[in-house]
Amino acid sequence: MDFSNLHTILRSLYDEMMPLCSGMAGVAQGIAGLGALFYVAYRVWQSLARAEPVDVFPLLRPFAVGFCIMFFPTVVLGTINSIMSPIVQGTASMLDGQTLDMQKYREEKDRLEYEAMMRDPSTAYLVDDAEFDRQIDELGVTEVGTAAGMYIERGMYKVKKAIQNFFRELLELLFQAASLTIDTIRTFFLIVLAILGPVSFAISVWDGFQTTLVQWICRYVQTYLWLPVADLFSTILAKIQVLMLQNDISELTNNPNANLDSSNTTYLIFMIIGIIGYFTIPTVAGWIIQAGGMGSYGRAVNNTAQQAGSVAGSLGGAAAGNAVGRFKRLFK
């Protein structure tokens, strides 16, 4: 499954839904026009009743909001997206750089680990079919027990690697699924806010609802920041994995007999941390810009994160640790 294509589809979905904002502009203009009528009439009447001069500047507010409603996709969404887009592009470039480094070091680690096992005749037959066949051919008729033991050890080694790869791929799938979940919810929120944005602007013209305009802008910007925050979080995790891979490469270079089982377990632990951490992204975005009315979702996300962490921990920690531990004891 190519998750990058799914994220691209979500970006395209947002662009495809933006023309619907124009459809709501007509309804919003009616609401805003009626609100502007009461807004201006009330203040003019108040000034006349007090025998005060009419202050014209505050009366321009409904007309400015109406102008934003008329050209909402360009003036409002275009301005906000243009300001926030460099932030998204900057964090995305940081993530791409760390991902490329991680792939390079992972290939280097796998190569050194393979070469280290090939240098030792007692482990070379576990990873190379030709070496296994050669050692089997060299055994005599009287060494049937040794050959049977080699078959068993080779089979157990393959099962051990298969289990490790299974749990690694499972946690990586859950990690990508958590990322996709956050991105999907973010896109849904942005589309709803964008389509109904003209209505929010129109309601803000009415007395008592002025804060609706500020709250809409805060919520839109906060939700927009979910993506760069997610990219930064992924960048940090990728950097940690790069440092771990560099340490493993150093161990394999200086000590060909180094045991990397603990490093593989640590990698699984960091994947579990990453799955839990992805669901804290809305909270972190709320620290950058404060927006009211989203606390219930934050609590729901945190509860989901705890449940996801419990499931991922039980799957990746207990099962993988016990299974790998049993296979390790078979080699001793």
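Residues numbered from 1 in each chain as written. Predicted model: local features only at pLDDT ≥ 70, side-chain atom pairs only at ≥ 80, totals over all residues. Heavy atoms only, no water.

## Some points on the overall build of the chain
- Along the chain, the regular secondary structure elements total 13 helices and zero strands.
- Each helix and strand of the chain, ordered N terminal to C terminal, gives the series α-α-α-α-α-α-α-α-α-α-α-α-α.
- Within the chain, buried positions represent 39% of all 332 residues.
- Residue pairs in contact within the chain that sit at least 24 positions apart in sequence constitute 82% of those at least 6 positions apart. (Helix = DSSP H or I, 4+ residues; strand = E, 2+ residues; numbered from the N terminus. Buried < 20%, exposed > 50% of the residue type's maximum accessible area, 1.4 Å probe, protein only. Contact = heavy atoms within 4.5 Å.)

## Looking at the packing of aromatic side chains
- Considering all chains together, one arrives at twelve aromatic pairs under this definition.
- Ring geometry for Phe67 against Phe71: centres 5.2 Å apart, planes inclined by 55 degrees, an arrangement best described as tilted.
- Phe67 sits in the partly exposed class, given a relative accessible area of 44%.
- By relative accessible area, which is 39% here, Phe71 ends up partly exposed.
- With centroids separated by 6.2 Å and ring planes inclined at 35 degrees, the aromatic side chains of Tyr220 and Tyr224 adopt a geometry described as tilted. Of this pair, Tyr220 and Tyr224 are both found in helix 9 (residues 211-224), four residues apart, which corresponds to roughly one turn of the helix. Of the two residues, Tyr220 and Tyr224, both sit in the buried class.
- Among the aromatic residues, those joined into a ring-pair cluster are Phe72, Phe201, Trp216, Tyr220 and Tyr224. (Phe/Tyr/Trp six-rings, centres within 6.5 Å; stacked < 30°, edge-to-face > 60°.)

## Some points on the pattern of salt bridges
- Going through the model one piece at a time under the given rule, you end up with five salt bridges.
- Between Asp207 and Arg43 there is a salt bridge; the shortest N-O distance is 3.0 Å. Of this pair, Asp207 sits in the loop between helix 8 (197-203) and helix 9 while Arg43 sits in helix 2 (residues 20-49); the two residues are 164 residues apart in sequence, bridging distant segments of the chain.
- By relative accessible area, which is 38% here, Asp207 ends up partly exposed.
- On the accessibility criterion, Arg43 (21% relative accessible area) is partly exposed. (Salt bridge = Lys/Arg side-chain N within 4 Å of Asp/Glu carboxyl O.)

## Some thoughts on the side chain of Asp231
- Locating Asp231 in the fold gives a position in helix 10 (residues 226-254).
- Here Asp231 is buried and forms no salt bridge, its nearest opposite-charge partner Arg11 lying at an N-O distance of 6.2 Å.
- In this view, Asp231 contacts Val88, Thr91, Ala92 and Leu95; residues no more than four positions away in its chain are not counted. (Lys, Arg positive; Asp, Glu negative; His and termini not counted.)

## Observations regarding a nonpolar patch on the surface
- On the surface, a nonpolar cluster with roughly 650 Å² of combined accessible area is contributed by Leu48, Val54, Val56, Phe57, Leu60 and Phe63.
- Within the element layout of this structure, Phe57 appears in the loop between helix 2 and helix 3 (61-70).
- For Phe57, a relative accessible area of 66% corresponds to the exposed category. (Patch = residues over 30% accessible without salt bridge, like charges linked within 9 Å, V, L, I, M, F, W, Y side chains within 5 Å. Areas by Shrake-Rupley, 256 points an atom, 1.4 Å probe, with all protein chains shown as cover.)

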